[in-house]
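Summary of the model geometry
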Amino acid sequence: EEWEAGNEPGFPFFCVEFLEFVVMRRVVVTGLGIVCPLGNSVEEAWKNALAGKSGVRKIQSFDASEYSCQIAGEIRDFDSSAYVPAKEARRFDKFVLYGAVAGSQALEDSGLVVTEENAHRIGVAIGSGIGGLVTICENANTLKEKGPRRVSPFLIPGCIINMASGEFSILKGLKGPNVAYATACSTGLHAIGEAACIIARGDADAMVAGGAEAPICPVGISGFDNMHALSRRNDEPEKASRPFDKDRNGFVMGEGSGIVVLEEYEHAKARGAHIYCEVKGYGLSGDAYNITTPSVDGPTRCMQMALDHAGLKPSDIQYLNAHGTSTSIGDANESKAVMQVFGDDVKNLVMSSTKSMTGHLLGGAGGIESVFTILALRDQIVPPTINVENQDPACPVDCCPNTARKMPVKNAMKNSFGFGGTNSTIIYGLVD
């Protein structure tokens, strides 16, 4: 019907040879899990986000007193024992543990029971931007101080990026597609978007998807700080992450994991699952510009692709959870791209950055920020961008400054952009 009307069909249709059309399956979200600087459960983290609390503190995991940057969004009071046996936990890198706990929460929340009959139809797609950096650092020190024979035999299987997916699939007996993505700060969102595509084309009925990251260690902090990417507001850590504020001076490193359970709509409905929302559109693009400096063109095309796939107009989006890292160039470029895509409709758009509270979780960011975006749909309330005291004229958007806002939200957009010029956008919407 779309072709006969002279229109190109959008999501959820695709064209195959001889112009035959196959209807892609609808994908919904049925489970949420999170481990982040604001809390180690979904409701705790969400309560703190709505209250505008910051999870950024002085670094506790190592002595950072001699470092230019001494602050980060670290996980506190973390206990994996309810989900991961102690024997396995000892050989996991922190990013794998975070993914395992957040993934377990999400699977439990979904009510999806894994059986011999359905295990091959449930898959995992948990990515990471860096992987087991803490394990690598620890074993590099061991090699230097004690020699090669003392390097752990679990170094390689403990640190490679696909181990968050691999170990979780083993932990839960999931035999469906088992993949991992590594697209820097776009990782978590790409993982969710690609997992949705796997379900839509019929290769799985459910996927556990998102991102996990644990980069807070001497090498991680030094590497990013020496790029002049990190804020050095050491005396006021809670105020260091300040997206869209004129006085921002770099991002704050965070750690943790955000995971969602995606499911085919009819499959979820048949088992009486609670459905949070639908994945309505997905966009991805490359800047082909600079490995660390973002462009405006790439994010613009990415957001437009997601809108086209969803069959939505900019006016149909009420909330945008921004990439919003608190870097001078990045925030301004994203604001400009949003204004290009939304045009006059930008005046009705609310756009906030929850990185102001969690810091930047790199490959884990798209996962935890998807959880927050989905909760905004559930509760009809937008989380704030905190620390906006002097909004930058280069970012003339309604960034929901400092206070959460009750408002109708039917469709919400989530952006993630990464080093290497890689971009991702997902549109989540209430089920019609």
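Residues numbered from 1 in each chain as written. Predicted model: local features only at pLDDT ≥ 70, side-chain atom pairs only at ≥ 80, totals over all residues. Heavy atoms only, no water.

Glycine aside, residues mostly have negative phi angles, and peptide bonds mostly take the trans form. Phi angles above zero are rare outside glycine, and Ala 184 is one such case at about 55°. By secondary structure assignment, the location of Ala 184 is in the loop between strand S7 (178-179) and helix H7 (187-200). Of note in the backbone geometry, Asn 402 takes a positive phi value of approximately 70° without being a glycine. Note that Asn 402 resides in the loop between strand S13 (381-382) and strand S14 (405-406). A relative accessible area of 36% places Asn 402 in the partly exposed class. (Helix = DSSP H or I, 4+ residues; strand = E, 2+ residues; numbered from the N terminus. Buried < 20%, exposed > 50% of the residue type's maximum accessible area, 1.4 Å probe, protein only.)

On to helix H10 (residues 297-310). Side chains three or four residues apart in an α-helix point the same way, a direct result of the helix having 3.6 residues per turn. Given a rise of 1.5 Å per residue, 14 residues ought to cover 20 Å, and the 20 Å separating the end C-alpha atoms of H10 matches this to within 8%. Turning to H10, its buried residues number three or more, namely Gly 298, Pro 299, Thr 300, Cys 302, Met 303, Ala 306, Leu 307 and Ala 310. The elements touched by buried residues of H10 are strand S10 (277-286), strand S11 (319-321), helix H11 (328-342), strand S15 (411-418) and strand S16 (422-429). Immediately beyond the C-terminal end of H10, within one or two residues, lies Gly 311, with a positive phi of roughly 70°. (Expected span 1.5 Å × (residues − 1). Contact = heavy atoms within 4.5 Å.)

Of all 6 residues that make up strand S6 (residues 122-127), 6 are buried, and the element is covered over most of its length. Of the two faces of S6, the one holding Ile 122, Val 124 and Ile 126 and the one holding Gly 123, Ala 125 and Gly 127 are both buried throughout. With 6 bridges joining them, S6 and strand S8 (residues 206-213) adopt parallel strand pairing. The residue bridging Ile 126 from the neighbouring strand is Gly 210, located in S8. In terms of strand pairing, S6 meets S7 through 2 bridges, oriented parallel. When the sheet's bridge partners are listed, Val 124 is paired in S7 with Asn 178. (Pairing = 2+ DSSP bridges.)

In space, the 10 strands of this open sheet follow the order S7-S6-S8-S9-S3-S10-S16-S15-S11-S12, with mixed pairing throughout. The sheet is open, and its two edges are formed by S7 and strand S12 (350-352), each paired on a single side. With respect to the sheet, helix H3 (residues 94-110) is in contact with strand S3 (27-35), S6, S8 and strand S9 (256-264), its orientation differing from that of S3 by roughly 135°. Contacts from helix H13 (residues 365-379) reach S3, S8, S9, S10, S11, S15 and S16 within the one sheet, and its direction differs from that of S3 by about 120°. (Axes fitted to C-alpha atoms, helices over the stretch in contact; angles between N-to-C directions.)

Scanning the model with the defined rule gives 24 salt bridges in all. Between Asp 432 and Lys 410 there is a salt bridge, with its nearest N and O atoms 3.9 Å apart. Highlighted residues: Asp 432 in the segment after S16 and Lys 410 in the loop between S14 and S15, separated in sequence by 22 residues. Classification of Lys 410 by relative accessible area gives partly exposed; the value is 44%. Ionic contacts of the salt-bridge type, sharing partners, join the residues Lys 239, Arg 242, Asp 245 and Glu 389 into one network. (Salt bridge = Lys/Arg side-chain N within 4 Å of Asp/Glu carboxyl O.)

Before going further, it helps to spend a moment on the packing of H7 against H13. Two measures define how a pair of helices packs: the angle their axes make with one another and the distance between the axes. Close contact between H7 and H13 brings their axes to 5 Å; oriented N to C, the two are set at 70°. For the element pair H7 / H13, the angle class is roughly perpendicular. Mapping the contact onto sequence places Gly 188, Leu 189 and Ile 192 in H7 and Gly 366, Gly 367 and Ser 370 in H13. Across the contact of H7 with H13, the residue classes break down as 2 nonpolar, 4 polar and no charged. (Parallel < 35°, antiparallel > 145°, perpendicular 65-115°, else oblique. Nonpolar A, V, L, I, M, F, W, Y, C, P; charged D, E, K, R; others polar.)

In terms of burial, S3 is a largely internal element, 9 of the 9 residues being buried. Bridge analysis of S3 against S9 gives 8 bridges, and the strand direction is antiparallel. Along S9, the bridge assignment pairs Leu 32 with Val 260. Where S3 meets S10, 2 bridges bridge the pair, whose relative direction is antiparallel. By the bridge assignment, Val 28 is partnered in S10 with Glu 278.

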